[in-house]
Amino acid sequence: MGCPRRKTLCFFLIFAPVYLHGALSQEASPAGQRKPFFERLRRLEEQFRRFQEVTLTHLQGLASNYNLSYNIDTRFQSLAQDTQAVALAVNQSQATLQSDLSHLKTWMQKTRRRSRKVDSRLLALGAALSERDRQRTQEGKEREAQRDALQDALARLTHLVQGQGARLAALEGQLQVAGPGTVAPGLTPAQPPTLPGHPSPSSPRLQRGRQVLRASPATGDPPQDFAGHPQGTRAPPGPSSQWAWPPESPGETCDVGPVLVFPNASTQNVAFLSPGFASGLRALSVCSWVRMASGHLGTLLSYATEENDNKLVLHGRDSLVPGSVHFVIGDPAFRELPLQPLLDGRWHHVCIIWTSTLGRYWVHVDRRLVATGSRFREGYEIPPGGSLVLGQEQDSMGGGFDSSEAFVGSMAGLAIWDRALVPGEVAKLATGREVPGGAILTLADAQWVGGFVQRANCSCLELCP
């Protein structure tokens, strides 16, 4: 826009001197020509004055246009800065939104994974309950059949004993009527001498035995079934069984090794056992002294691999029945263990034993067998190379902790064997007399303890925090 005006101005500036030079060169003409020359000069001056005015107007226009373009450049620079600030704010908003979306996606994945785990556990629990009901129904039918057979046998035995008692009473009456020195009909002349230590047929001891036989009940408790237990074990005795252990007298339990204290349900409170399982396990024994400090048991132990975060878990949480623990091997398979005695705030010794042979498992609390079962992960092998954690339940390998599943309390003398301990070994371990050999992991292998977990060495459990 300014370039044509500049060309015009240059043209006039060049044309004016040339024209003036031509006019001056004509002053040497005759006097008759001076009048037209002055008129021309006057017109030229007027034209030059108008040209100056036009030139000044053009110069003023150029100045105003320059100021306008300068203002436009300044505004464009300000607008560019504002645009950059807006773009930066938009980028920050996008980054924040992407971070929030990433957290939301992670939370949704975790929630979805937990819902799948809950669904699978519910399905497994339903299957286990139906299997248990079926087993109970079958056991009830077998027990009724055994009771009927036992009643028939006892009835026949009672009838036989009563007949023998009647015959003995008749023979004694005949002997009393015959008197000394006589022989009742149908009897031999002389009775053989009674051996020392054996009662005679008419002795009060034999009479009391007859009365007991006559008064024997028609029904009785079936014998304990020890079939199916490994050598050296037996089924748990009933409350009135002569095999029940007497209650333990209070005493001190000493030399149990290091103690770990988990003071609260923080997700930072965790202990890692390293190096974990070096080889696959087809049998397992986990024993430890525990003392609870909350209304639920929490998670005692969690073993996770890249394939499955619940390869081996002793898992409790505040939403479960108080005192119950899920014993998980290869999620979703689990068994619910009743451990209500552990909620009294005192030290208790717990042993959980499993073998892939027939899928048998046993749970001992203070030497007593409180639960047992079979067909739980029969033929399964716990793989090596995972992360073994105490006090927290892993939703991912080495992480994903939840405060509602945390263990709150103390544990001492924890040890893990790659075999099934026998009841004698469990009893010696629970009374502090002897620790079975061959433990693959103990609390001494706790390589890293985090959060507020305290490690203590107590001479006796009663002195531990």
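The shown structure was predicted, so the numbers you read here are calculated from the model rather than taken from an experiment.

What counts and what doesn't
- Residues numbered from 1 in each chain as written.
- Predicted model: local features only at pLDDT ≥ 70, side-chain atom pairs only at ≥ 80, totals over all residues.
- Heavy atoms only, no water.
- Helix = DSSP H or I, 4+ residues; strand = E, 2+ residues; numbered from the N terminus.
- Buried < 20%, exposed > 50% of the residue type's maximum accessible area, 1.4 Å probe, protein only.
- Contact = heavy atoms within 4.5 Å.
- Areas by Shrake-Rupley, 256 points an atom, 1.4 Å probe, with all protein chains shown as cover.
- Phe/Tyr/Trp six-rings, centres within 6.5 Å; stacked < 30°, edge-to-face > 60°.
- Lys NZ or Arg CZ within 6 Å of the ring centre and 35° of its normal.
- Pairing = 2+ DSSP bridges.
- Axes fitted to C-alpha atoms, helices over the stretch in contact; angles between N-to-C directions.
- Patch = residues over 30% accessible without salt bridge, like charges linked within 9 Å, V, L, I, M, F, W, Y side chains within 5 Å.
- Salt bridge = Lys/Arg side-chain N within 4 Å of Asp/Glu carboxyl O.
- Arc of directions from axis to C-beta.
- Core = buried A, V, L, I, M, F, W, Y, C linked by side-chain atoms within 4.5 Å.
- Polar contact = N/O pair within 3.5 Å; in protein donor to acceptor, adjacent residues only side chain to side chain.

Enquirer: How should I be thinking about the overall build of the protein chain in this particular structure?
Expert: A count of helices and strands for the protein chain gives 4 helices and 15 strands. Going through the 465 residues of the protein chain one by one, you find that 32% of them count as buried. Intrachain contacts of the protein chain at a sequence separation of at least 6 include 69% that bridge at least 24 residues. Looking at the protein chain as shown, the accessible area adds up to about 28700 Å², and 58% of this sits on carbon and sulfur atoms.

Enquirer: What am I meant to see in the packing of aromatic side chains here?
Expert: The description of two aromatic rings rests on the distance between their centres and on the angle between their planes. Evaluated as defined, the whole model comprises 5 aromatic pairs. Linked through ring pairs, Phe327, Tyr361 and Phe376 together constitute an aromatic cluster. Between Arg377 and the ring centre of Tyr380, over which it is positioned, the NZ or CZ distance is 4.6 Å.

Enquirer: Whenever I open this one, the sheet that holds strand 11 (residues 387–390) confuses me. Can you help?
Expert: Sheet architecture is open: 7 strands sit in the order 7-6-5-4-11-2-14, paired in antiparallel fashion. Looking at which strands have only one partner, the edges of the open sheet turn out to be strand 7 (334–338) and strand 14 (446–450). Between one strand axis and the next, the sheet turns through 20° on average, direction left out of account. Alignment of strand 6 (residues 324–329) against strand 7, held across 5 bridges, turns out to be antiparallel. The residue bridging Val328 from the neighbouring strand is Phe334, located in strand 7.

Enquirer: Explain a nonpolar patch on the surface to me, please; I cannot follow it from the model alone.
Expert: Side chains of Leu97, Leu101, Leu104, Trp107 and Met108 sit close together on the surface and give an oily, nonpolar patch of about 530 Å² of accessible area. Summarising the element assignment, Met108 is placed in helix 2 (residues 34–178). Note on Met108: relative accessible area 39%, which makes it partly exposed.

Enquirer: Can you walk me through helix 4 (residues 423–430) in this structure?
Expert: It helps to recall that an α-helix has 3.6 residues per turn; residues three or four apart then point in one direction. Turning to helix 4, its buried residues number three or more, namely Val426, Ala427, Leu429 and Ala430. Within helix 4, the buried residues cover an arc of 165° as seen down the axis, which keeps them to one side. For helix 4, the secondary structure elements touched by its buried residues are strand 3 (283–292), strand 8 (348–355), strand 9 (360–365) and strand 12 (409–417). Looking at the residues trailing helix 4, positive phi occurs at Gly432, about 75°.

Enquirer: Just to check I follow, could you spell out the nonpolar core for this structure?
Expert: As a rule of thumb, soluble globular proteins bury nonpolar side chains together. With 43 residues, the main nonpolar core has Phe327, Ile382 and Leu390 as its most contacted residues. Take this core: its biggest share by element is 4 residues, from strand 3. Apart from residues no more than four positions distant in its own chain, Leu390 is found in contact with Leu260, Phe262, Val270, Ala271, Leu273, Leu300, Leu301, Met411, Leu414 and Leu443.

Enquirer: I would appreciate a short explanation of the environment of Gln447 in the present structure.
Expert: Along the chain, Gln447 falls in strand 14. With 173 residues separating them along the chain, Gln447 and Ser274 place their C-alpha atoms 6.0 Å apart. Discounting chain neighbours no more than four positions away, the residues touching Gln447 are Phe272 and Ser274.

Enquirer: Is there a simple way to explain the pairing of strand 9 in this structure?
Expert: If a strand is regular, its side chains alternate between the two faces of the sheet. Across the 6 residues that make up strand 9, a large majority, 6, are buried. Both faces of strand 9 are covered, namely the face carrying Arg360, Trp362 and His364 and the face carrying Tyr361, Val363 and Val365. Sheet topology note: the strand 8/strand 9 ladder contains 6 bridges and is antiparallel. Looking at strand 9, one finds that Val350 is bridged to Val365. Bridge analysis of strand 9 against strand 10 (residues 368–373) gives 5 bridges, and the strand direction is antiparallel. If you follow Trp362 over to strand 10, its bridge partner there is Thr372. Adjacent in sequence and paired antiparallel, strand 9 and strand 10 are bridged by 2 residues, among which Asp366 carries a positive phi angle near 55°.

Enquirer: Quick question: what am I supposed to make of the side chain of Asp395 here?
Expert: By the element assignment, Asp395 lies in the loop between strand 11 and strand 12. Engagement of the side chain of Asp395 in a polar contact is seen with the side chain of Lys117, the distance being 3.0 Å. In this structure Asp395 touches Lys110, Arg113, Arg114, Lys117, Asp309 and Gly400, once residues within four positions along its chain are discounted.

Enquirer: Sorry if this is basic, but what is going on with unusual backbone geometry here?
Expert: Of all residues except glycine, most have a negative phi; of all peptide bonds, most are trans. The peptide bond linking Ser274 to Pro275 adopts the cis configuration, its omega dihedral lying at 15°. With respect to the helices and strands, the residue Pro275 is situated in the loop between strand 2 (270–273) and strand 3. You will see that Asp255, though not glycine, has its phi angle at about 55°, which is positive. Checked against the element boundaries, Asp255 lands in the loop between helix 3 (204–214) and strand 1 (258–262). Accessibility expressed as a relative area gives 71% for Asp255, which makes it exposed. The backbone of Leu358 shows a phi angle near 60°, a positive value even though the residue is not glycine. Tracing the sequence through the fold places Leu358 in the loop between strand 8 and strand 9.

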